[in-house]
Amino acid sequence: MTTKGVTSSIASKRTTSSSDPFISHGRHFGRTVFVLCNYPSLLTNGILRLEQMEETALEDFSAEERQEHHIFKQLLDSYPGLLERLRKGSKEEILHVGELIGKGASGARGDDIKSLKSAILDWLSHKGTAIQPPLHRNSKIDRGFNHELTGSLLCPAGLDWHDTETKQSLKSSETTVHSNQWPMFLYAGYVYNSKDPWKGLLRSKILIFDFKHIFTSLSSVDQEPKAMCSGNAYLHGMKMVTIQFSLSSLSVFSHTDTVTDSENFHHSILDLLETLKKVRK
């Protein structure tokens, strides 16, 4: 097949299905590497940056550009032959590949959020007891800081959810929760130790249940959970974003929302895990 034939097949505007290799890989990449991304821009900027790096060292780019390039490299490493295809393709063709990958990632995220909306209530209720007041399975309007249970899990570590003034301030949005104020659901037993902030971090049952729910099988959630190892925590760090959304009262997922600040929350988790990874090396 000629180069023209290869690149035109990439940009084909035929109806695509979930079996398209780029869509399928997007589902995998979105779940296991990076969940919040504009893939057409990622590919376009990545190819341009590779050309610029022939004269400019990566260290000379901004922190944001270096982070984006790191994700771009991970995508290239995860899909053999992708770089060659992108280099042979036109700008339109590169954008089309990005759209397909993005479609897969978005679809996977939508499927996960839809299934978690109901499943998460089963994980939160103790066996044989019901959540009080009851939470609707098909609506999230009564979640977030509007409910005692979900509010306590979304409450930033270090704040006292049982303090009436604090609780009301969070409910009314008078207190703005920033991305670096991590919620209680990240900690084992949903307990934060101010004297030892690392204790139990990323080891809560709800994180482990979520991992099993998405990556193994629904039945495995009922098995005795084991601590999430740092490797898995890093690989699937974006699952914390879907849990955060499932607990919230938001009806539509958006990485730019100002309530959960999900995009920056996601980046703060990944930054931590990247740092831990480097320290262990």
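Residues numbered from 1 in each chain as written. Predicted model: local features only at pLDDT ≥ 70, side-chain atom pairs only at ≥ 80, totals over all residues. Heavy atoms only, no water.

Looking at the overall build of the protein chain
Quick reminder of the rule: Put simply, DSSP H or I for four residues or longer makes a helix, DSSP E for two residues or longer makes a strand, and each gets a number counted from the N terminus. For every residue, the accessible area (1.4 Å probe, protein chains only) is compared with the maximum for its type, and the residue is labelled buried under 20%, exposed over 50%, or partly exposed between those bounds. The contact rule is simple, with two residues in contact once any of their heavy atoms fall within 4.5 Å.
In terms of regular secondary structure, the protein chain is built from 12 helices and 0 strands. Ordering the α and β elements of the protein chain from the N terminus gives α-α-α-α-α-α-α-α-α-α-α-α. Counting every position in the protein chain, which comprises 281 residues, the buried fraction comes to 46%. Considering only intrachain contacts with a sequence separation of at least 6, the fraction spanning at least 24 residues in the protein chain is 62%.

Quick notes on a negative patch on the surface
Under the convention used in this document: Patches draw on residues past 30% relative accessible area with no salt bridge. Two like charges within 9 Å are joined, as are two nonpolar side chains (Val, Leu, Ile, Met, Phe, Trp, Tyr) within 5 Å. Per-residue accessibility takes into account occlusion by the displayed protein chains alone, with areas from the Shrake-Rupley method and a 1.4 Å probe. Salt bridges, as used here, are contacts in which a Lys or Arg side-chain nitrogen is within 4 Å of a carboxyl oxygen on Asp or Glu. Charge assignment in this entry is limited to Lys and Arg as positive and Asp and Glu as negative, and neither His nor the chain termini are counted. The location of each charge is read from NZ of Lys, CZ of Arg, CG of Asp or CD of Glu.
On the surface, a cluster of negative charge is made up of Asp-160, Asp-163, Glu-165 and Glu-174. Considering the arrangement of structural elements, one finds Asp-160 in the loop between helix H7 (148-154) and helix H8 (164-171). On the basis of relative accessibility, which here comes to 43%, the residue Asp-160 falls in the partly exposed class.

Quick look at the packing of aromatic side chains
Aromatic rings considered in pairs are described by the distance between their centres and by the relative angle of their planes. Quick note on the threshold: Classification of ring pairs uses Phe, Tyr and Trp, with its six-membered ring standing for Trp, and accepts pairs whose centres are within 6.5 Å; under 30 degrees between planes counts as stacked, over 60 as edge-to-face, and the remaining range as tilted.
Enumeration according to the criterion identifies 5 aromatic pairs in this entry. Ring centres of Phe-22 and Tyr-79 lie 5.2 Å apart, and the angle between their planes is 15 degrees; on these two criteria the pair is classed as stacked. One end of the pair, Phe-22, is in helix H2 (residues 21-32); the other, Tyr-79, is in the loop between helix H4 (63-78) and helix H5 (82-88), and 57 residues separate them in sequence. Taken individually, Phe-22 and Tyr-79 each receive the classification buried, so the pair is uniform in this respect. Note on Trp-123 and Phe-209: the rings are 5.9 Å apart at their centroids and 55 degrees apart in plane angle, and the pair reads as tilted. You can see Trp-123 sitting in helix H6 (residues 91-124) and its partner Phe-209 sitting in helix H9 (residues 205-215), a full 86 residues away along the chain.

Details of the pattern of salt bridges
Close approach of charged atoms lets side chains of opposite charge pair. Under the defined criterion, the tally for this structure stands at 6 salt bridges. A salt bridge links Arg-27 to Asp-111; its shortest N-O distance comes to 3.0 Å. Here the residue Arg-27 occupies a position in helix H2, and Asp-111 occupies one in helix H6, the gap between them amounting to 84 residues. On the accessibility criterion, Arg-27 (24% relative accessible area) is partly exposed.

Quick word on the nonpolar core
What counts is decided by this rule: Buried residues of nine kinds, namely Ala, Val, Leu, Ile, Met, Phe, Trp, Tyr and Cys, make up a nonpolar core once their side-chain atoms join them within 4.5 Å.
Core analysis: the largest hydrophobic core is formed by 61 residues, its most contacted members being Leu-86, Phe-185 and Leu-186. The biggest single contributor to this core is H6, with 12 residues. Contact partners of Phe-185, with chain neighbours within four places excluded, come to Leu-153, Leu-154, Tyr-190, Ser-204, Ile-206, Leu-207, Met-240, Ile-243, Gln-244, Leu-247 and Phe-265.

Focus on H2
Under the convention used in this document: Here a helix's expected span is defined as the number of its residues, less one, multiplied by 1.5 Å. Counting of polar contacts relies on pairs of N or O atoms within 3.5 Å, with two restrictions inside protein: one atom must be capable of donating a hydrogen and the other of accepting it, and residues adjacent in sequence are counted only when both atoms are side-chain atoms.
Spanning 12 residues, H2 covers 16 Å between terminal C-alpha atoms, matching the ideal 16 Å at 1.5 Å per step. N-cap assignment for H2: the residue whose side-chain oxygen lies 2.8 Å from the backbone N of Phe-22 is Asp-20.

Structural notes on the side chain of Ser-248
Mapped onto the fold, Ser-248 is located in the loop between helix H11 (239-247) and helix H12 (262-280). Classification of Ser-248 by relative accessible area gives buried; the value is 4%. A polar contact of 2.8 Å, which involves the side chain of Ser-248, links it to the backbone oxygen of Phe-245.

Describing the environment of Asp-142
Relative to the elements of secondary structure, Asp-142 occurs in the loop between H6 and H7. Residue classification places Asp-142 among the buried residues on the basis of a relative accessible area of 16%. Each C-alpha atom of the pair Asp-142 and Leu-250 lies 9.7 Å from the other, and the pair is 108 residues apart in sequence. Excluding anything up to four places from it in sequence, Asp-142 contacts Pro-134, Leu-135, His-136 and His-147. Separated by 2.8 Å, the side chains of Asp-142 and His-136 make a polar contact.

As for the environment of Ser-179
Locating Ser-179 in the fold gives a position in the loop between H8 and H9. The exposure class of Ser-179 is buried, given its relative accessible area of 15%. Taking the C-alpha atoms as reference points, Ser-179 and Phe-265, 86 residues apart in sequence, are found 4.3 Å from one another. Sequence-distant contacts of Ser-179, defined by excluding residues within four places in its chain, comprise Asp-261, Asn-264, Phe-265 and Ser-268.

What about unusual backbone geometry?
Residue Pro-133 is reached from Gln-132 by a cis peptide bond, and omega for that bond is -10 degrees. Along the chain, the position of Pro-133 falls in the loop between H6 and H7. Although it is not a glycine, Ser-173 sits at a positive phi angle of roughly 70 degrees. Turning to its location among the elements, Ser-173 is positioned in the loop between H8 and H9. Judged by its relative accessible area of 53%, Ser-173 is exposed. Unusually for a residue other than glycine, Leu-202 sits at a positive phi of about 65 degrees. Locating Leu-202 in the fold gives a position in the loop between H8 and H9.

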